[in-house]
Each structure stands twice: as structure tokens, then as C-alpha cells.
Amino acid sequence: MTIRMRTAALSILVVGVLALAGCAPGPAPSEPAAVPDLTTSNAPADPGAIAEEEVEIAAATQEETCGWGSGKVVGDAAAAPSGTAGSLDTVIIGAWQHTHFDTGAGYEAVGDGTDVRYVFPSTDRILYCQDVEGATQQAENAANFTLEGTEIVLPSPASGYKVVAWDANTMVWENHRDGSLYLLQRR
């Protein structure tokens, strides 16, 4: 529970207790209690705006798991975005399947025996998931990273990626190690 939600719940509780004790009038039954935002001086005047903000934050969360119980997403190279749609720091949150790569000759599907996933539970945490037949079996590696503009900066010695295009369900990354492009599709 966020500080804002705790503060709001505590404020409602205090108003309710005072109203029951006859120390303060309570809101009419059909009216929601006005809850001040004590965490910032830029508090919205409309209590409904706080609720909408909390819903937006809650929607931009992702559990830190590879989800191996669900099958590999095959994806479609024709879905590759060519521009940017939305804020990257919002779009990136989620679970992504690496479906195609391009080394200069156009997109090719990731092989049948290869399942690579990237999970972003937040804008500073990544979970790399790799299941490659004959090499790894559902390997997982989590790390903190930074998102600097469109750069995914990973801990050394990893080379990192530049996000070159995205929309709500697809991303194209440039791999700094070899310049190849990765197409990722939301899981």
C-alpha cells in the first residue's frame, strides 16, 4: 500500500471516528469523504483525481516472474513499430517475449527451441528469462538497471540496449553488443 493510500485510509478512519463520537460532522451517505493529500503540496483539489492516479499506478505493475507455465509467444514481425507511441517508462512495464531478430537482412523468428523473455516489474528492475534447448533450462537472472531516455543501461559487463521504437504491445531494441535489432511483443 502506498503512502498516499495509507494517508487517505487513515484520514477516512479519523473522520469516521470523530463523526461517530459527535466531534465532527460526517459526510452525507451518498457523498464520498474528501481526503486531503498530505504527501505533497501539489495535491489535486478533486479527491477523484487521486483515485484515478492510484488506478493508473496500479495498472503499471508487473509481477517479477518468468511465467514459465505459459507457452512461448510466437509473434508477428509485421507488428514491429516504426515510431514511438506513449511514454517509454510506462510502456516498458510488463512481460515481453523476444520473438524476432534482425542482423541486417530483415526480421527472422527466434528459433523453435529458444524462449527468451524480459520482465520489467518496474522502471529500475529487469528479469531476464532464457530457455534454450540444449543450453539452459528456464534460467532466470534479475538485476537492477536504469532507463536513461531510451537506453536500457544494465550492470557491467552487459552491453545494454537502445529502445528505438515502441507502442503498447511491441518494442524494437538495438543490441549494443552487435547492432542487431530485437523485436519484443507483450506477453
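Look a little higher up for the structure.
Parameters and conventions
- Residues numbered from 1 in each chain as written.
- Predicted model: local features only at pLDDT ≥ 70, side-chain atom pairs only at ≥ 80, totals over all residues.
- Heavy atoms only, no water.
- Helix = DSSP H or I, 4+ residues; strand = E, 2+ residues; numbered from the N terminus.
- Buried < 20%, exposed > 50% of the residue type's maximum accessible area, 1.4 Å probe, protein only.
- Areas by Shrake-Rupley, 256 points an atom, 1.4 Å probe, with all protein chains shown as cover.
- Phe/Tyr/Trp six-rings, centres within 6.5 Å; stacked < 30°, edge-to-face > 60°.
- Contact = heavy atoms within 4.5 Å.

When its secondary structure is counted, the protein chain shows three helices and ten strands. Along the protein chain, helices and strands appear, N-terminal first, in the series α-α-α-β-β-β-β-β-β-β-β-β-β. Residues classed as buried in the protein chain amount to 28% of the 187 residues present. Put simply, the protein chain shows about 10,800 Å² of open surface, and 55% of that area lies on carbon and sulfur atoms.

Before going further, it helps to examine the packing of aromatic side chains. This model, assessed by the stated rule, comprises seven aromatic pairs. Note on Y118 and Y161: the rings are 6.0 Å apart at their centroids and 80° apart in plane angle, and the pair reads as edge-to-face. Within this pair, whereas Y118 is found in strand β3 (residues 114-122), its partner Y161 is found in strand β8 (residues 161-166), the two being separated by 43 residues in sequence. Residue class for Y118 comes out buried when judged on its relative accessible area of 3%. An aromatic cluster is present here, built from Y118, F120, Y128, F145, Y161, W173 and Y182 joined pairwise through their rings.

In this structure, the amide linkage connecting S156 to the following residue, P157, adopts the cis form with an omega of 10°. One non-glycine residue, Q138, lies in positive phi territory at about 50°. Note on Q138: relative accessible area 36%, which makes it partly exposed.

Right, let's talk about the environment of G94 for a bit. Structurally, G94 is set in strand β1 (residues 94-102). Residue G94 is classed as buried on the basis of its relative accessible area, which comes to 3%. Note: C-alpha distance between G94 and P121 (27 residues apart in sequence) is 6.2 Å. Ignoring any residue separated from it by four or fewer positions in sequence, one finds G94 in contact with Q62, Y118, V119, F120 and R186.

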